[in-house]
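Next come the chains, spelled out residue by residue.
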Amino acid sequence: QLFREMADSRFERDTITYNAAVRAFEKSLQWVQALQLFCEMADSHVERNLITYNAAVSACEKGEQWLQALQLFLEMADSRVERNTI
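It should be emphasised that the depicted structure is a prediction, and the values quoted were computed from it without experimental measurement.

Caption draft 1: Structural view of the overall build of the protein chain. Assigned secondary structure in the protein chain consists of five helices and zero strands. Element order for the protein chain, N to C, with α for helix and β for strand: α-α-α-α-α. Within the protein chain, the proportion of its 86 residues that are buried is 33%. Look at the contacts in the protein chain between residues 6 or more apart in sequence, and 54% of them connect residues 24 or more apart. Carbon and sulfur atoms provide 54% of the accessible area of the protein chain, an area that totals close to 5,800 Å².

See the structure below:
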């Protein structure tokens, strides 16, 4: 709710704010909402970085969405985001 209200305010929703929101959904085991924001970032032309992908993959893992997690991992390579062992 708060994140959606930011769109109507003077606060810019950027990579950092999206990452925080995706991570919050990941921590609260809401993988669907985390992926919705992840996809919204691309639609809004907001850069997705390693932190974004890690949070989205972790959200899928916690939701036992293994194929989705693998798909995100492979997409990360296609988008030229450097993968690491974090």
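So, next bit.
Caption draft 2: View of the pattern of salt bridges. In the structure shown here, the tally under the stated rule is three salt bridges. For Lys 62, the salt bridge is made with Glu 26, and the minimal N-O distance between the two is 2.5 Å. Taken together, the residues span a long stretch of sequence, with Lys 62 in helix H4 (residues 50-62) and Glu 26 in helix H2 (residues 15-27) at a distance of 36 residues. Arg 48 serves as the salt-bridge partner of Glu 75, at 3.1 Å between the closest nitrogen and oxygen.

Rules behind the numbers
- Counting of residues starts from 1 at the beginning of each chain's written sequence and follows it residue by residue.
- Under the rules for a predicted model, residues below a pLDDT of 70 receive no local features and side-chain atom pairs below 80 are neither given nor counted, while totals for whole chains, interfaces and linings still include all residues.
- Hydrogen atoms and water are omitted, and side-chain values are computed over all heavy atoms in the structure.
- Secondary structure elements are defined from DSSP: runs of H or I of at least 4 residues count as helices, runs of E of at least 2 residues count as strands, and each element is numbered from the N terminus.
- Exposure is judged per residue with a 1.4 Å probe applied to protein chains only, and the accessible area is read against the type maximum: over 50% gives exposed, under 20% gives buried, and values in between give partly exposed.
- It only takes one pair of heavy atoms within 4.5 Å for two residues to be counted as in contact.
- For every accessible area listed, the method is Shrake-Rupley and the probe measures 1.4 Å; residues are considered covered only by the protein chains on display.
- Every case where a carboxyl oxygen of Asp or Glu lies within 4 Å of a side-chain nitrogen of Lys or Arg is listed as a salt bridge.

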